[in-house]
Amino acid sequence: MHLPILPQPATRPEQAPEAKEKCGVVAIWGAAHAASLAYLGMYAQQHRGQEAAGIAVTDGQLLHAHTGMGLVPEVITDELLQRMEAFNGRGAIGHNRYSTAGGSLACNAQPLLESYVGGQVAIAHNGNLVNAAAFRRRFEHAGHLFHTTSDTEVIVHLLASPAQQAAPDPLAATLRRLQGAFSLALLFHDRVELARDPWGWRPLVIGTLDDHGRTAYVAASETIALDVLGARFLREVEPGEIVTLSEAGLASRRFSDPVPRPAHCVFEHVYFAHPASTVFGQNVQLAREAMGERLGTESPVVADFVAPMPDSGRSAAIGFARVTGIPLREAIVPNRYVGRTFIRPTQAQRQLAVRLKLNVVEDIVRGKRVVIVDDSIVRGTTTRAKIAQIRAAGALEIHLRISCPPIKHPCFFGVDFATREQLIAADKTPSQIRDFLGVDSLAFLSLPGLLSVMKRPGTHYCDACYTGDYRVDVDNPSTDPAAVGQLAMF
Ligand code: SF4
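A. Region of the structure containing the overall build of the chain. Counting its regular elements, the chain contains 19 helices and 23 strands. Looking at the chain residue by residue over its 490 residues, the buried ones come to 51%.

Set out below in structure tokens:
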């Protein structure tokens, strides 16, 4: 049963016109206050999506869900949380959304709650399916009705279809037909199922929690959610694995063999993940500091101080300053109270918003040679506005150092980069970008440099936005020809 939709705040978080956050999932099983724990886990992962949020709980027989547009505390109000807690269920899942597929619509907020021949299921998805559109076309021609524009809904239609239901393991059969990135949490009345695509694009971890002497389970996109809940890290959900959390405890099965070359998103470490999280077995803050150190070794410069571009460039700036011996100074201070509700329909207003959001300390910058360290450049328009501010404050020289390679290709696996035409590095050389941004020098961390600081072998990371080396055929996504024939069974 869906709860009535509560009135939602009219405002939405303001999004920078650069790379946007992906989604975050959280799941709880076996805890007395599952809804509250899911809420806190979502709150801890707010950085992974600020557009919409939602929660689903089980009362042991039925599922109850609520979703809405806005930040976690705007959508999951105290009153709603009390009602969710009153169901007394021991399982819940939650989702933070930023639309990477399907558009910014309230109907696309997750978890999606559906009824099918197997009962009810609520699903929360982090990632992006490459073959969802092809499946959707086939389903729609077969008469299926969709009530979202999200790629995630295709998963439920596949799960519900006779072809999958006839399989010994319908969920495994469903997942085998998906191409692309998915870290999933599915809530059924009696269990949570977690699954991760065979490439391991997006993170998904499991922890345990002592709940009045019983072991409860927490799963989340990032370990920061486990930390906030006081859960102990147990392990990652492996690529190609399904993990079931139920009253019987934790059980594992595979729906796919591991692929020889995993594709962990390296951009999680560059930008997206929380610095306190451990992602793909490596702490994010330390990885970013190492990127900054490597950048300082590759592209040193004579300057008076290093200034991080808030907040994303801070960790790499620490490493850059450490390895070059140049002092680190906070010359650009973010206004933390701006950005959530500021409507910016025009370019002029967007530039004003940047000035409002980032304040340059003129007395530090004036007459000085400054190294600005940032994590990435996507379209370049926001960076250019920030650089203009630093120049206007009287900087003598501005040297920009970027702790990842130029982003030249769009992402199809859950990161909302601009289209190829809008990516500044797609058709501009570094010197053309330097001129566009108005800096005295510009250098990017090399790809070998970036991969050298990653803990796992470099071949185990997706770097397609830098190289165009997509692990699946994004132009001709497969719907698995053998299985497509089975769709005729509708
Ligand atoms: S293309 Fe880039 S952002 Fe997308 S999954 Fe690969 S590394 Fe991550």
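B. View of helix H5 (residues 152-160). Burial within H5 is extensive, with 8 of its 9 residues counted as buried. All of the buried residues in H5 are Thr152, Glu153, Val154, Ile155, Val156, His157, Leu158 and Leu159. Against the buried residues of H5 lie strand E5 (112-116), strand E6 (119-126), helix H4 (132-141), helix H6 (162-165) and helix H7 (170-175).

C. Region of interest: unusual backbone geometry. Between Gln110 and Pro111 the backbone carries a cis peptide bond, its omega angle lying at 10 degrees. Position of Pro111 relative to the elements: it lies in the loop between strand E4 (91-97) and E5. Even without glycine at this site, His212 takes up a positive phi of about 50 degrees. Note that His212 resides in the loop between strand E9 (205-211) and strand E10 (214-220).

D. Just the site of the ligand, in detail. Near the ligand the following residues occur: Trp201, Cys265, Val266, Phe267, Cys411, Phe413, Val415, Cys462, Asp463, Ala464 and Cys465. Those elements giving two or more residues to the shell around the ligand turn out to be helix H9 (266-272) and helix H18 (464-467). Grouping the amino acids of the shell around the ligand by side-chain chemistry returns 10 nonpolar, no polar and 1 charged.

E. Structural context of the nonpolar core. Of all hydrophobic cores here, the largest spans 142 residues; its most connected members are Ala38, Ile93, Ala185, Leu194 and Ala219. Lining this core are residues from two domains, each supplying at least three of them: domain 1 (24-263 + 480-489) and domain 2 (283-462). Dropping the residues within four chain positions of it, Ala219 is found in contact with Val26, Ala27, Ala185, Leu194, Leu204, Val205 and Ile206.

F. Spotlight on the sheet that holds strand E22 (residues 441-444). On the basis of which strands lie adjacent, the open sheet formed by 4 strands has the order E17-E20-E21-E22 and parallel pairing. This sheet does not close on itself; its edge strands, each paired only once, are strand E17 (305-308) and E22. The mean inter-strand angle of the sheet, taken between neighbouring strand axes irrespective of direction, is 20 degrees. Alignment of strand E21 (residues 397-402) against E22, held across 4 bridges, turns out to be parallel.

G. Representation of the pairing of E10. For E10, a buried count of 5 out of 7 residues is recorded, marking the element as mostly surrounded by other parts of the structure. Inspection of the sheet shows E9 paired to E10 by 7 bridges, in the antiparallel sense. Of the residues in E10, the one forming a bridge with Leu209 is Ala216. In textbook terms, the turn of a hairpin is the stretch between consecutive antiparallel strands, and for E9 and E10 this stretch comprises 2 residues, one of which, His212, has a positive phi near 50 degrees.

H. Focus on the environment of Arg355. Within the fold, Arg355 resides in helix H12 (residues 347-357). Residue classification places Arg355 among the partly exposed positions, given that 16 C-beta atoms sit within 10 Å. As for Arg355 and Pro334, which are separated by 21 residues in sequence, their C-alpha atoms are 9.7 Å apart.

I. Structural detail: the confidence of the model for the chain. Per-residue confidence for the chain gives a mean pLDDT of 89, with 89% of residues at or over 70. In the predicted structure, residues 1-21 sits below a pLDDT of 50 and forms 53 contacts with residues beyond four places in sequence or in another chain. Considering only residues more than four positions removed or in separate chains, one finds that residues 481-490, a stretch of pLDDT under 50, has 12 contacts.

J. Molecular detail of the environment of Val306. Along the polypeptide, Val306 turns up in strand E17. The contacts of Val306, once residues within four sequence positions are left out, are Ala317, Phe320, Ala321, Ile326, Leu328, Val371 and Val373.

K. The arrangement of the environment of Ser256 in detail. With respect to the helices and strands, Ser256 occurs in the loop between strand E13 (249-254) and strand E14 (264-265). Owing to 18 C-beta atoms within 10 Å, Ser256 belongs among the partly exposed residues under this scheme. With 83 residues separating them along the chain, Ser256 and Ala173 place their C-alpha atoms 9.7 Å apart. In this structure, Ser256 is in contact with Arg176, Pro198 and Gly240, ignoring residues within four places of it in sequence.

L. Structural context of the packing of H4 against H5. Two numbers describe how H4 lies on H5: the axes approach to 9 Å, and their chain directions differ by 50 degrees. Judged on the interaxial angle alone, H5 and H4 are oblique. Seen along the crossing, H4 lies across H5 with a hand that is left-handed. Here H4 contributes Ala132, Phe135, Arg136 and Phe139 to the contact with H5, which in turn contributes Val154, His157 and Leu158. Tallied by class, residues from the contact of H4 with H5 come to 5 nonpolar, 1 polar and 1 charged.

M. Just the sheet that holds strand E7 (residues 183-188), in detail. Spatially, the 6 strands line up as an open sheet ordered E5-E6-E7-E8-E12-E13, and their pairing is antiparallel. Two strands in the sheet have a free side with no partner beyond their single neighbour: E5 and E13. Neighbour-to-neighbour, the strand axes of this sheet turn through a mean angle of 20 degrees, independent of strand direction. Alignment of E6 against E7, held across 5 bridges, turns out to be antiparallel. Looking across to E7, one finds that Asn126 is bridged to Ser183. H5 contacts E5 and E6 of the sheet and is inclined by roughly 15 degrees relative to E5.

N. Here's a closer look at the packing of helix H1 (residues 34-44) against helix H3 (residues 78-86). Close contact between H1 and H3 brings their axes to 8 Å; oriented N to C, the two are set at 140 degrees. By the angle between their directions, the pair H1 and H3 is classed as oblique. Residue-level contacts link Ala35, Ser36 and Tyr39 of H1 to Leu81, Met84 and Glu85 of H3. Of the residues that constitute the contact of H1 with H3, the class distribution is 4 nonpolar, 1 polar and 1 charged.

How each quantity is defined
Residues numbered from 1 in each chain as written. Predicted model: local features only at pLDDT ≥ 70, side-chain atom pairs only at ≥ 80, totals over all residues. Helix = DSSP H or I, 4+ residues; strand = E, 2+ residues; numbered from the N terminus. Buried ≥ 20, exposed ≤ 12 C-beta atoms within 10 Å, placed from the backbone. Contact = placed C-beta atoms within 7 Å. Near = placed C-beta within 6 Å. Nonpolar A, V, L, I, M, F, W, Y, C, P; charged D, E, K, R; others polar. Core = buried A, V, L, I, M, F, W, Y, C linked by C-beta atoms within 7 Å. Domains from an automatic or database assignment. Pairing = 2+ DSSP bridges. Axes fitted to C-alpha atoms, helices over the stretch in contact; angles between N-to-C directions. pLDDT = per-residue confidence, 0-100. Parallel < 35°, antiparallel > 145°, perpendicular 65-115°, else oblique. Left-handed = near helix turned anticlockwise from the far one by under 90°.

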